[in-house]
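Listed here are the chains, written in short residue letters.
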Amino acid sequence: DQNKELLKNSLFTIHADSVKEELWFDILFSYKDEAQMKNMLNEFSRLSEKSNDFGANKNPSQFYYRHDVKKKMIIGLEYNLFESGSISENDKVMFEDMDVAQLDELLDLMGIKELETTIHLPGKLVEVKGADFTKIDDTTVVIKQNMKNYIKSGNVPGFEVIYK
């Protein structure tokens, strides 16, 4: 239940600065009161320390986003959820035993049926390749990821967000 609450009340945002050649992330939480805020921060901290919860990666040096300043693009790298350690072996077995309807219901209950990542670009959006998305304004795009498809196949496809 805490993981579900944490995901429902979190916003993950990617920022890119082509002048400084930097890429950074924000995680924003919404909460009702101080107690809920403390619980969410404690849970996020606990999950960050564990290798197989909340999509944590066993190999922290392996990062799934790149900012190519010369080509003016944010690249979401293709990877395998199971091989990367983003989903544990126990969870892999559980997901493999589920039919599509069961998996759909579980992801809906967990609040992660579709994940959205907001990317703030250092220039005007030109094109998005390889992902469903919503353009918010000239420099902001939301990438939408269908977790059911990714979990069933094991593969998260790559994408490119090109700006000028």
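Preceding block: the structure.
Cut-offs and rules
Residues numbered from 1 in each chain as written. Predicted model: local features only at pLDDT ≥ 70, side-chain atom pairs only at ≥ 80, totals over all residues. Heavy atoms only, no water. Helix = DSSP H or I, 4+ residues; strand = E, 2+ residues; numbered from the N terminus. Contact = heavy atoms within 4.5 Å. Areas by Shrake-Rupley, 256 points an atom, 1.4 Å probe, with all protein chains shown as cover. Buried < 20%, exposed > 50% of the residue type's maximum accessible area, 1.4 Å probe, protein only. Pairing = 2+ DSSP bridges. Axes fitted to C-alpha atoms, helices over the stretch in contact; angles between N-to-C directions. Phe/Tyr/Trp six-rings, centres within 6.5 Å; stacked < 30°, edge-to-face > 60°. Salt bridge = Lys/Arg side-chain N within 4 Å of Asp/Glu carboxyl O.

Caption draft 1: Structural detail: the overall build of the chain. Of the regular secondary structure elements, the chain holds 5 helices and 11 strands. Taking the contacts inside the chain whose residues are at least 6 apart along the sequence as the reference set, 60% of them involve residues at least 24 apart. In the structure as shown, the chain presents an accessible area of about 9900 Å², 48% of it carried by carbon and sulfur atoms.

Caption draft 2: Broad picture of unusual backbone geometry. A positive phi angle, close to 55°, is found at Lys72, a residue other than glycine. Locating Lys72 in the fold gives a position in the loop between β3 (65–68) and β4 (73–76).

Caption draft 3: How the structure looks around the pairing of strand β9 (residues 140–146). Counting buried residues in β9 gives 5 out of 7 residues, a clear majority hidden from the surface. Counted along the chain from strand β8 (residues 132–137) to the antiparallel partner β9, the turn is 2 residues long.

Caption draft 4: Geometry of the sheet that holds β4. Taken in spatial order, the 4 strands of this open sheet run β3-β4-β11-β7, and their pairing is antiparallel. Each end of this open sheet is capped by a strand with a single partner; those strands are β3 and β7 (125–129). Strand-to-strand twist across the sheet, computed as the mean angle between neighbouring axes with direction ignored, equals 15°. Relative to β4, β3 runs antiparallel, the two being bridged by 4 bridges.

Caption draft 5: A look at the packing of aromatic side chains. Per the counting criterion, the structure on display carries 1 aromatic pair. Here the aromatic rings of Tyr65 and Phe159 are separated by 6.2 Å at their centres, their planes lie at 65°, and the arrangement is edge-to-face. Taken together, the residues Tyr65 in strand β3 and Phe159 in strand β11 (residues 159–163) connect sequence positions 94 residues apart.

Caption draft 6: Looking closely at the pattern of salt bridges. Within this structure, the stated rule accounts for 3 salt bridges. Salt-bridge contacts for Asp104 lead to Lys113; the nearest nitrogen and oxygen are separated by 3.3 Å. Residue class for Lys113 comes out partly exposed when judged on its relative accessible area of 35%. In this structure, Lys148 and Asp104 form a salt bridge, with 3.8 Å as the shortest nitrogen-oxygen distance. Placement of the pair is Lys148 in helix α5 (residues 147–153) and Asp104 in helix α4 (residues 100–110), with a sequence separation of 44 residues. Through salt bridges with shared partners, one network takes in Asp104, Lys113 and Lys148.

Caption draft 7: Highlighting the environment of Lys71. Tracing the sequence through the fold places Lys71 in the loop between β3 and β4. By relative accessible area, Lys71 is classed as exposed at 55%. Sequence-wise, Lys71 and Ile162 are 91 residues apart; in three dimensions their C-alpha atoms are separated by 7.9 Å.

Caption draft 8: Representation of the environment of Val141. With respect to the element layout, Val141 can be found in strand β9. The class for Val141 is buried, based on a relative accessible area of 0%. In this structure, the C-alpha to C-alpha distance between Val141 and Thr117, residues 24 residues apart in sequence, is 8.3 Å. The contact partners of Val141, leaving out residues within four places of it in the chain, are Thr117, Thr118, Ile119, Leu125, Val128, Phe133, Thr134, Ile136 and Val161.

Caption draft 9: Examining the environment of Ile74 more closely. Residue placement: Ile74 occurs in strand β4. On the accessibility criterion, Ile74 (0% relative accessible area) is buried. Taking the C-alpha atoms as reference points, Ile74 and Glu160, 86 residues apart in sequence, are found 5.8 Å from one another.

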